[in-house]
Amino acid sequence: MPFSEINPKMVQATVAPGQKVFSQRGAMLAYTGDVTFTPNMAGGQGGLMSMIGRRVAGEAAPLMTVEGRGTVMFGHGGHHIQVIRLTGDTLCVEADRLLAFDGTLEQGTMFLGSQGGVMGMVRGQVSGQGLFTTTLRGHGAVAVMAHGGVLELPITPQRPVHVDPQAYVAHHGDVRNKLSTALGWRDMVGRGSGEAFQLELSGSGAVYVQASEEKL
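Residues numbered from 1 in each chain as written. Predicted model: local features only at pLDDT ≥ 70, side-chain atom pairs only at ≥ 80, totals over all residues. Heavy atoms only, no water.

### Regarding the overall build of the protein
Inference 1: Across its full length, the protein carries three helices and 13 strands.
Inference 2: Here the protein holds 216 residues, and the buried ones make up 49% of them.
Inference 3: For the protein, restricting intrachain contacts to residue pairs at least 6 apart in sequence, the fraction spanning at least 24 positions comes to 82%.
Inference 4: With the model as given, the accessible surface of the protein reaches about 9,700 Å², and the carbon-plus-sulfur share is 53%. (Helix = DSSP H or I, 4+ residues; strand = E, 2+ residues; numbered from the N terminus. Buried < 20%, exposed > 50% of the residue type's maximum accessible area, 1.4 Å probe, protein only. Contact = heavy atoms within 4.5 Å. Areas by Shrake-Rupley, 256 points an atom, 1.4 Å probe, with all protein chains shown as cover.)

### Describing the environment of G18
Inference 1: Here G18 lies in the loop between β2 (10–15) and β3 (21–24).
Inference 2: Once the C-alpha coordinates of G18 and E67 are considered, the two residues, 49 residues apart in sequence, prove to be 7.8 Å apart.

### Describing the packing of aromatic side chains
Inference 1: Throughout the structure, instances matching the rule amount to two aromatic pairs.
Inference 2: Look at F22 and F101: their rings are 5.4 Å apart centre to centre, the planes differ by 40 degrees, and that puts the pair in the tilted class. You can see F22 sitting in strand β3 and its partner F101 sitting in strand β7 (residues 98–102), a full 79 residues away along the chain. Neither F22 nor F101 differs from the other in exposure class; each is buried. (Phe/Tyr/Trp six-rings, centres within 6.5 Å; stacked < 30°, edge-to-face > 60°.)

### Focus: the nonpolar core
Inference 1: Ranked by internal contacts, the top residues of the largest apolar core, which has 17 residues, are F3, V11, V21, V66, F74 and L99.
Inference 2: Of all the secondary structure elements, the ones that give two or more residues to this core are β2, β5 (63–74), β6 (80–94), β7 and β9 (132–146).
Inference 3: Judged by nonpolar contacts, the second largest core, of 16 residues, contains L63, V93, V142 and A146. (Core = buried A, V, L, I, M, F, W, Y, C linked by side-chain atoms within 4.5 Å.)

### Description of the pattern of salt bridges
Inference 1: Inspection of the entire model under this criterion finds one salt bridge.
Inference 2: Put simply, E106 and R137 hold a salt bridge, and the shortest N to O gap is 2.8 Å. Separated by 31 residues along the polypeptide, E106 in strand β8 (residues 106–111) and R137 in strand β9 bring together distant segments of the chain.
Inference 3: Exposure remark for E106: the relative accessible area of 42% places this residue in the partly exposed category. (Salt bridge = Lys/Arg side-chain N within 4 Å of Asp/Glu carboxyl O.)

### So, the environment of A170
Inference 1: Checked against the element boundaries, A170 lands in strand β12 (residues 168–181).
Inference 2: Note: C-alpha distance between A170 and A206 (36 residues apart in sequence) is 8.6 Å.
Inference 3: If sequence neighbours within four positions are ignored, A170 has contacts with L91, C92, V93, A206, V207 and Y208.

### What to know about the confidence of the model for the protein
Inference 1: Mean pLDDT over the protein stands at 79; residues scoring 70 or higher make up 70%.
Inference 2: Low pLDDT (under 50) marks residues 47–61, which in the prediction has 28 contacts with non-local residues, meaning those over four places away or in another chain.
Inference 3: A low-confidence stretch, residues 190–194 (pLDDT under 50), is modelled with 14 contacts involving residues beyond four sequence positions or located in other chains. (pLDDT = per-residue confidence, 0-100.)

### A word on the pairing of β3
Inference 1: Alternating residues of β3 divide into V21 and S23 and F22 and Q24, and every residue in both groups is buried.
Inference 2: Across four bridges, the pairing between β3 and β5 is antiparallel. If you follow Q24 over to β5, its bridge partner there is L63.
Inference 3: By the bridge criterion, three bridges tie β3 to β7 in an arrangement that is antiparallel. Opposite V21, over in β7, you have D102 as the bridge partner. (Pairing = 2+ DSSP bridges.)

Here it is as structure tokens:
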């Protein structure tokens, strides 16, 4: 795996010839060796639809393609960074929380809340969060950002997990997601926190939750 954690706010990636790393624009802190950084308007390996999903989620800048031979240090805004390693499964992550990932991973998009019907639209309109998450599938590592640290919560068939949508970072496994509200329509106006909305994750897998509801 090319990613290693330097400290809670910095990660290091080893780049070798014939390999690629994709990163958020502005995430490079320093590098050694012969390394190039190129804007990738196609949105990584997910093509146009992947880029559309990331733009709808609020990301205006293209991904950067990192190639060559050397070592690159990544970080962004002093946020906490968590490295998640995939072994053939799929990770769903909020697009604006994605820092960098292996170029071997297949990228796509998923409408978060699509399994919860109209509540997915409500989430985007009321809570201010993006409607899309980025999906990454295969074998490799992903570095994600969060406020105040990340907690990994297991999801089991007997124990679904309810998460504040604004605290949601990512999830993986055989998991269904559904958005619901604990309040009536009159009470929901102007509210976007977990007291009004809950993202229910059920099945088998894990969800990553940040310690703060602050939006990146």
